[in-house]
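# Survey of secondary and tertiary structure
Now for the letters of each chain:
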Amino acid sequence: MAYIEARGLRKTYGATVAVDGIDLHVEKGRIVGLIGPNGAGKTSALNAIVGLTSFAGDLRVLGRDPWTERATLARDICFITDVAVLPRWIRVSQALDFVAGVHPRFDRVRAEALLATTGIRARSKVRDLSKGMVTQLHLAIVMAIDARLLVLDEPTLGLDLLYRKRFYDTLLADYLERSRTVLVATHQVEEVQHVLTDVLFMDRGRIVLSRSIEDIEARYHEVLVHPDRLATARALNPIAERQGVGRSVLIFEGVDPQQVAALGEVRTPSVADLFVGVMSGRAAQPQGVAQ
Amino acid sequence: MSDVEISAARRLYWSVRRELWENRSIYLAPLAVACIVLVGFFIGLFALPARTRAALALSAPELRETIQQPYVIAAIVLMAVDLLVALFYCADALYGERRDRSVLFWKSLPVSDLTAVLAKATIPLLVLPLVTFLATVATQVIMLVVSSAVLAANGMSSSVLWAHVALVEIARINFGHLVVFHGFWYAPFYAWLLLASAWAPRLPFLWAVLPPLAVGIIERIASGTTHFATLLQQHFFGGPDMSSEAGSPGMTMDMLAPHPIGHLLISPGLWIGLAVSAVFFFGAVRLRRARGAI
């Protein structure tokens, strides 16, 4: 069974189309990065998946309808939304008490062990913690829940570089330890690309690219082309081109690596470069006819 | 991992505790007002021996009323606090969590909207009346014991106090009044405020007041009648019997009069009110699901 299965998922706010009929298929054990610019519809899609918002189209998460079965699904799904949402009045110990009281899969000992590595004290109130500490607290709670699916929406927004790095390191360690399934939305591609098994690029409410990392490695090639061979290279229809030092960097889709090797050094594009390439290609297209 | 099942009752229990953590005024306000009542009472104690001597000359019913008066006032003051805290609590209950966005955290946990709103509804329906009841009883016991000590210190017998302040009887009536009247009879007001709180984009109190006001004005202008306003007023100020008796609204608690709690329980007003409350309540549950953070 796919953990997330969406067909024609659509979300509109009045006349604004946030999610424009997307198909999604996330299997168990994947770490999927949902990557897109601001306003691409990432948050709307994730909110539908975790049951925070109604939607049109077919959507099953762990075999259930998230809109009508949110509370049941919440036993198996953990999510962190884009801003600090822990109530400011709550004490750290109260937050742990409450989650332990209502969540059958919460391991309090593990949460306390995670918190022990931070400077957060049990008596502290959330309002007295720094922004980074609040995120660490939320993360400690989420990591101590043995959920099947973890959904993160810009989890590191507003955090400094150290916290962001620690966040993804913790996430990856946790994933390797217990083979979770993770869906993480962000527009800070560089930070997540090393932890992902799959990427979904989203733009203007549509999925514009959906591939596993292995797929990307097999399918996309980045070639550092010497100016002399640039015309030849361009004839092969690169999907993106940017200027490097003394070389042009062209990204090709579905070409024979042997063939492009003659043009220059061949490597796998980073997710970030691929994202920029795909998005700038789309930006050139007029709105509305985007596929 | 062993999947321990958690009962709905346990989730409700933790949700109610959560409300008490967040809204400490639920118990602090009655306690604070009880302290204020006691301070006022203690200040007046120096005149107690003289007042008691003077009261002994009165007729039996007057004596009883005079002796009991401070105890009844204490109960009424605490009831007013119960109502005030309940109304403010309900107006903020489902609005505050959207405003501070914590609703996104609560919804990430396996607690249904029904359980969450039910936990909030139990505060004005059960928790506040019980807390107020306990605060009232404690206050009255302290008043009685300290008064007795003062009389004894002045060489007087305190038997007149104990004979006329029927603590158990007062507590029984007070309990019925708080639970039935302040809990169930007022349920439509609480449920309406919860609904407004779940709906309001901001200023939930205003959203709660404006629609009934609009209905009243439209009725007044359209037909020249004030049935709706009268209905609300009657329900707020007492039951069908309570308002008619001696013209006293339900807020007063005349310990001498046969208490109309029994009448209240069988009055259609209570049950229609509860049915209306249920509609508002389920509306609030649905709105909590549909409306996200502000």
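## A closer look at the environment of Val271 of chain A
Residues and elements named next belong to chain A. For Val271, the position within the fold is in helix H11 (residues 271-283). Residues Val271 and Val199, spaced 72 residues apart in sequence, show a C-alpha to C-alpha distance of 8.2 Å. Non-local contacts of Val271, meaning those with residues more than four positions away in its chain, are made with Val189, Gln193, Leu196 and Val199.

## Things to note about the sheet that holds strand S9 (residues 206-212) of chain A
Residue and element names in this part refer to chain A. Taking strand neighbours across the sheet as the criterion, the six strands line up as S5-S6-S7-S3-S8-S9 in an open arrangement whose pairing is mixed. Looking at which strands have only one partner, the edges of the open sheet turn out to be strand S5 (77-80) and S9. Neighbour-to-neighbour, the strand axes of this sheet turn through a mean angle of 15°, independent of strand direction. Pairing of strand S3 (residues 31-35) with strand S7 (residues 181-186), which is carried by five bridges, proceeds in the parallel orientation. Opposite Ile31, over in S7, you have Val182 as the bridge partner.

## Quick word on the pairing of S3 of chain A
Residue and element names in this part refer to chain A. Counting buried residues in S3 gives five out of five residues, a clear majority hidden from the surface. Of the two faces of S3, both are covered, the one formed by Ile31, Gly33 and Ile35 as well as the one formed by Val32 and Leu34. Alignment of S3 against strand S8 (residues 198-203), held across four bridges, turns out to be parallel. Looking at the pairing, Val32 lines up with Asp198 of S8.

## Quick word on the interface of chain A and chain B
Taken residue by residue, the interface counts 26 residues in chain A and 24 residues in chain B. Taken together, the elements giving at least two residues each to the side of chain A that touches chain B come down to helix H2 (70-73), S5 and helix H3 (92-102) of chain A. Ranked by residues supplied to the side of chain A that touches chain B, first place goes to H3 of chain A with five residues. In the side of chain A that touches chain B, the residues fall into 15 nonpolar, six polar and five charged.

## Some words on the domain arrangement of chain A
Residues and elements named next belong to chain A. Taken domain by domain, chain A holds domain 1 (4-204) and domain 2 (214-283). Relative to domain 2, the C-alpha centre of domain 1 lies at a distance of 34 Å. Listed as interface residues are nine residues of domain 1 and, on the opposing side, seven residues of domain 2. A breakdown of the residues in the side of domain 1 that touches domain 2 according to their chemical character gives six nonpolar, one polar and two charged.

## What to know about the environment of Glu22 of chain B
Within the element layout of this structure, Glu22 of chain B appears in helix H1 (residues 8-22). Sequence-distant contacts of Glu22 of chain B, defined by excluding residues within four places in its chain, comprise Pro87 and Trp89 of chain A.

## So, the pairing of strand S1 (residues 4-13) of chain A
Residue and element names in this part refer to chain A. Two strands pair when backbone bridges link them, and S1 and strand S4 (residues 56-61) are joined in this way by five bridges, in the antiparallel orientation. Considered in S4, the bridge of Arg7 is made with Asp58. Where S1 meets strand S2 (residues 16-26), eight bridges bridge the pair, whose relative direction is antiparallel. Residue Tyr13 lies in a different strand from S2, and its bridge partner there is Thr16.

## Here's the deal with unusual backbone geometry
If you check the backbone angles, Glu154 of chain A has positive phi at about 45° while not being a glycine. Relative to the helices and strands, Glu154 of chain A is located in the loop between strand S6 (149-153) and helix H6 (161-178). The partly exposed category is assigned to Glu154 of chain A, around which 19 C-beta atoms lie within 10 Å. With a phi angle near 45°, Leu203 of chain B is a residue other than glycine that sits in the positive phi range. Here Leu203 of chain B is to be found in the loop between helix H9 (187-199) and helix H10 (204-223).

About the cut-offs
- Throughout this document, residue positions are counted from 1 along each chain, in the order its sequence is written.
- As a convention, the first chain written is A and the first ligand written is 1, with the rest following in written order.
- A pLDDT threshold of at least 70 governs which residues receive local features in this predicted model, and a stricter bar of 80 or more applies before side-chain atom pairs are shown or counted, although totals over entire chains, interfaces and linings include all residues.
- Only DSSP runs of H or I with at least four residues qualify as helices, and only runs of E with at least two residues qualify as strands; both kinds are numbered from the N terminus onward.
- We call two residues in contact when their backbone-placed C-beta atoms lie within 7 Å.
- At least two bridges found by DSSP between two strands are what make those strands a pair.
- Angular values range over 0 to 180 degrees, each being the angle between N-to-C directions of two axes fitted as lines to C-alpha atoms, with helices fitted over their stretch in contact.
- The exposure label follows from counting other C-beta atoms within 10 Å of a residue's C-beta, where the C-beta atoms are placed from the backbone and the thresholds are 20 or more for buried and 12 or fewer for exposed, leaving partly exposed in between.
- Under the scheme applied, nonpolar residues are Ala, Val, Leu, Ile, Met, Phe, Trp, Tyr, Cys and Pro; charged residues are Asp, Glu, Lys and Arg; polar residues are all the others, including Gly.
- Each domain's extent is set by a domain assignment, obtained either automatically or from a database.

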